[in-house]
Protein chains: 2
Amino acid sequence: MPVGAVIVREGAIVASAGNRTLRDRDPTAHAELLAIRAACRTLDTERLTGCDLYVTLEPCAMCAAAISFARLRRLYWAAGDPKGGAVEHGPRFFAQPTCHHRPELYGGIRESEAAEMLRAFFATRR
Amino acid sequence: MPVGAVIVREGAIVASAGNRTLRDRDPTAHAELLAIRAACRTLDTERLTGCDLYVTLEPCAMCAAAISFARLRRLYWAAGDPKGGAVEHGPRFFAQPTCHHRPELYGGIRESEAAEMLRAFFATRR
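Numbers given to residues run from 1 along each chain, matching the order in which its sequence is written. All chains are assigned letters beginning at A, and all ligands numbers beginning at 1, according to the order in which they are written. The predicted nature of this model means local features are confined to residues of pLDDT at least 70 and side-chain atom pairs, given and counted, to a pLDDT of 80 or more, with totals for whole chains, interfaces and linings taken over all residues. With hydrogens and water set aside, each side-chain value is computed from the structure's full complement of heavy atoms.

Draft legend 1. Broad picture of the overall build of chain A. Looking only at helices and strands, one finds 3 helices and 5 strands in chain A. Since a compact globule built from 126 residues should have a radius of gyration of about 14 Å, the 14 Å found for chain A is in line with a globular shape. Projecting the C-alpha coordinates of chain A onto the three principal axes gives extents of approximately 40 × 30 × 30 Å. Pairs of residues are marked as contacts when any of their non-hydrogen atoms sit within 4.5 Å. Within chain A, contacts between residues separated by at least 24 positions form 56% of all contacts whose residues are at least 6 apart in sequence. Using a 1.4 Å probe, the Shrake-Rupley method yields the accessible areas, and only the shown protein chains count as cover for residues. Total accessible area on chain A is roughly 6200 Å²; 50% of this is exposed by carbon and sulfur atoms. Side chains of chain A carry 17 positive and 14 negative charges; the gap between the two charge centres is 4 Å. Runs of H or I in DSSP of at least four residues are treated as helices and runs of E of at least two as strands, each being numbered from the N terminus. Both definitions apply: the radius of gyration is a C-alpha atom measure, and the globule rule equals 2.2 Å times residues to the power 0.38. Charge convention: Lys and Arg are scored as positive, Asp and Glu as negative, and His as well as the terminal groups of each chain are ignored. Charge positions come from single atoms, namely NZ of Lys, CZ of Arg, CG of Asp or CD of Glu.

Draft legend 2. The arrangement of the relation of the copies chain B and chain A in detail. We superpose the copies by least squares over the C-alpha atoms of residues that have a pLDDT of at least 70 in both of them. Mapping chain B onto chain A calls for a screw motion: a turn of 180° about the axis and a shift of 0.0 Å along it, with 0.0 Å RMSD after fitting. The relationship between the two copies is best expressed as a two-fold rotation axis. Ranked by how close their C-alpha atoms come to the rotation axis, the residues of chain B are headed by Met62 of chain B, at 1.8 Å. Of the interface residues in chain B, 100% have counterparts in chain A that sit at the interface too, so the contact is made through matching surfaces.

Draft legend 3. How the structure looks around the packing of aromatic side chains. For Phe, Tyr and Trp, where Trp contributes only its six-membered ring, two rings pair if their centres lie within 6.5 Å, and the inter-plane angle classes them as stacked under 30 degrees, edge-to-face over 60, or tilted in between. In this structure the tally under the stated criterion is 8 aromatic pairs over all chains. Where Phe93 of chain A meets Phe94 of chain A, the ring centres are 5.6 Å apart and the plane angle is 75°; that geometry is what we call edge-to-face. Think of it in three bands: with a 1.4 Å probe and only protein chains considered, a residue is buried below 20% of the maximum accessible area for its type, exposed above 50%, and partly exposed in between. Taking the relative accessible area as the measure of exposure, Phe94 of chain A reaches 3% and is therefore buried. Here the aromatic rings of Phe121 of chain B and Phe122 of chain B are separated by 5.1 Å at their centres, their planes lie at 80°, and the arrangement is edge-to-face. Judged by relative accessible area, which is 24%, Phe121 of chain B ranks as partly exposed.

Draft legend 4. Structural context of the UniProt feature "binding site: Zn(2+)" (unreviewed entry) in chain A. UniProt positions are given in the numbering used here, feature names are shortened, and annotations may be inferred rather than shown by experiment. Per the UniProt record, "binding site: Zn(2+)" (unreviewed entry) is annotated on His30, Cys60 and Cys63 of chain A. A compact arrangement is adopted by the annotated residues: their sequence extent is 34 residues, whereas the largest C-alpha distance between any two is 9.2 Å. Lining residues of the second largest pocket drawn from the annotated set just named are His30 and Cys60 of chain A. Mapped onto the elements of the fold, His30 of chain A is located in the loop between strand 2 (12–18) and helix 1 (31–43). Judged by its relative accessible area of 15%, His30 of chain A is buried. Here His30 of chain A is in contact with Asn19, Thr21, Cys60, Met62 and Cys63 of chain A together with Phe69 of chain B, once residues within four sequence places are set aside. Looking at the element boundaries, Cys60 of chain A is found in the loop between strand 3 (51–57) and helix 2 (61–69). On the accessibility criterion, Cys60 of chain A (9% relative accessible area) is buried. A cavity here means a set of 1 Å grid points, computed over protein atoms only, where a 1.4 Å probe fits but cannot escape. A pocket is an open set with protein on both sides within 12 Å along at least 5 of 7 lines, and lining residues have an atom within 4 Å of a point.

Dropping the structure here:
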């Protein structure tokens, strides 16, 4: 699944990652989770206050919760994910009373471009 | 937050972990996530089919989704977590149409014992 995530602070990239679940044989190795862990290592903190995350696909519940735990300031995503997304679909994590930090949410940023990349990838796999 | 998780296959422990979010400065370092990643490394696979996970506290949304992605067979948890749990509270992840693998769920296993451990821990921190 080709998904990419970037974490930015004050206009500079702090961390970036792509999905590596198959390559690493790690079901938790989504782009967002890897980027969060890398940013925390780089900044030597478990709180990414003041950082923003950009990702090409609507985050799943695992990544949405991790984004909340990391106290990211803003979340920008491109394509929506009706099958596995957890921001505007399914669990709608950030709208739950059990969510204790909610970033500013900006969905649909360059959505058609990201959706086309995903479609092209899956077309080559059939 | 003192939470412990163990992954078992055919009566043998495959991996175990405790929460390390503060120690590792990693907001994703919940006990369940660390145990899943360790079990996948040990078994050299991203699918923990036939494995069961035991954890002292009801999993959050991040860990519930990771448990689903890892294809764990059964989930046993002790104390419920109304504030952050995602199995019987908040997003109720496994009941969502966006959840594509649902383990067998067994909650409340030695619940009062686990709840007392958590209470005792937080009592010493006040």
